[in-house]
Amino acid sequence: ASNALQLSAAPKRLPCRENERDTIENFVLEMLSAPGGDGRTLYVAGMPGTGKTATVREVVRALQETGNAFRFVEVNAMRLPQPNHAYALLWEALTGEKRGADAAARLLDKRFSSGEEQEERVVVLVDELDYMLTQRQEVLYNLFEWPGRKNAGLAVIGIANTLDLPERLDPKVR
């Protein structure tokens with residue numbers, strides 16, 4: 001009982017989030033069932049503290065518990081020293097290998113550009129997405145472009161508190 005009162009505790013199912021939960025669940029299931037894992041991207045926006053991240057985590061946990069096989073990688077952009085460190089974090093999560101940001105970016109680009117069907121499907125949650133905005137927006141562009149490549153087997157869910165983030169992005173990222 002005392003565990004349920006901890007600040008880090010999350011209920012098994014968030015109340016009043018059924019529509020959002022269904023949207024996220026369908027998004028992931030469509031990627032998992034698509035030939036070659038043709039990827040997708042999803043943008044989730046809302047006010048702070050409304051359960052965006054908790055809802056995504058709940059959906060992922062439930063899908064994995066019911067036998068859906070995929071790797072889930074969570075990147076919190078607010079915790080990154082620089083946006084390009086997301087590459088190193090993602091590469092390490094996928095392979096267990098530590099690489100610098102530039103080397104990891106090249107390796108990830110190669111992985112998602114091979115055209116060969118990936119054995120493992122990957123869902124990446126990029127939380128606090130608005131912290132990744134830079135002048136060139138290269139990291140955001142790559143993260144949201146890779147899923148569209150043939151047989152990438154990648155889906156990216158971006159979460160931000162900024163409701164107008166899509167309008168602030170370079171057109172190549174949108």
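Thresholds, definitions, all that
- Residues numbered from 1 in each chain as written.
- Predicted model: local features only at pLDDT ≥ 70, side-chain atom pairs only at ≥ 80, totals over all residues.
- Heavy atoms only, no water.
- Phe/Tyr/Trp six-rings, centres within 6.5 Å; stacked < 30°, edge-to-face > 60°.
- Helix = DSSP H or I, 4+ residues; strand = E, 2+ residues; numbered from the N terminus.
- Buried < 20%, exposed > 50% of the residue type's maximum accessible area, 1.4 Å probe, protein only.
- Expected span 1.5 Å × (residues − 1).
- Arc of directions from axis to C-beta.
- Contact = heavy atoms within 4.5 Å.
- Pairing = 2+ DSSP bridges.
- Axes fitted to C-alpha atoms, helices over the stretch in contact; angles between N-to-C directions.
- Core = buried A, V, L, I, M, F, W, Y, C linked by side-chain atoms within 4.5 Å.

(A) View of the packing of aromatic side chains. Overall, the coordinates contain two aromatic pairs when judged by the stated rule. Residues tyrosine 87 and tryptophan 146 carry aromatic rings whose centres are separated by 5.8 Å and whose planes lie at 50° to one another, so their mutual orientation is tilted. Of the two residues, tyrosine 87 sits in helix H3 (residues 85–95) while tryptophan 146 sits in the loop between helix H5 (138–145) and strand E4 (154–160), which places them 59 residues apart along the sequence. There is no split in this pair, since tyrosine 87 and tryptophan 146 are both buried. Taken together, a centroid distance of 5.4 Å and an interplanar angle of 40° make the contact between phenylalanine 112 and tryptophan 146 tilted. Taken together, the residues span a long stretch of sequence, with phenylalanine 112 in helix H4 (residues 101–113) and tryptophan 146 in the loop between H5 and E4 at a distance of 34 residues. The buried category is assigned to tryptophan 146, whose relative accessible area is 1%.

(B) Structural view of helix H1 (residues 18–33). Helix length check: H1 (16 residues) gives 22 Å between terminal C-alpha atoms against 22 Å at 1.5 Å per residue, within 8%. For H1, every residue scored as buried is listed here: Arg21, Ile24, Glu25, Phe27, Val28, Met31 and Leu32. End-on, the buried residues of H1 take up no more than an arc of 155°, which puts them together on one face. Exposed side of H1, more than 90 degrees from the buried face: Asn19 and Ser33 are the residues found there. Where H1 is buried, its residues meet strand E1 (40–45), helix H2 (52–65), strand E3 (122–127) and E4.

(C) Spotlight on the sheet that holds E1. Strands sit in the order E1-E4-E3-E2 across an open sheet of four strands; the sheet is parallel. One side of each edge strand has no neighbouring strand; the edge strands of this open sheet are E1 and strand E2 (71–76). Here the strands of the sheet are splayed against their neighbours by 15° on average, with no regard to which way each runs. As paired strands, E3 and E4 are joined by five bridges and run parallel to one another.

(D) Up close: the nonpolar core. Ranked by internal contacts, the top residues of the largest apolar core, which has 27 residues, are Leu108, Val124, Met132 and Leu154. Of all elements in the fold, only E2, H3, H4, E3, H5 and E4 reach the threshold of two or more residues within this core. Top contributing element to this core by residue count: H3, with six residues. Listed in part, the 17 residues of the second largest apolar core include Val56, Val59, Leu125 and Ile159.

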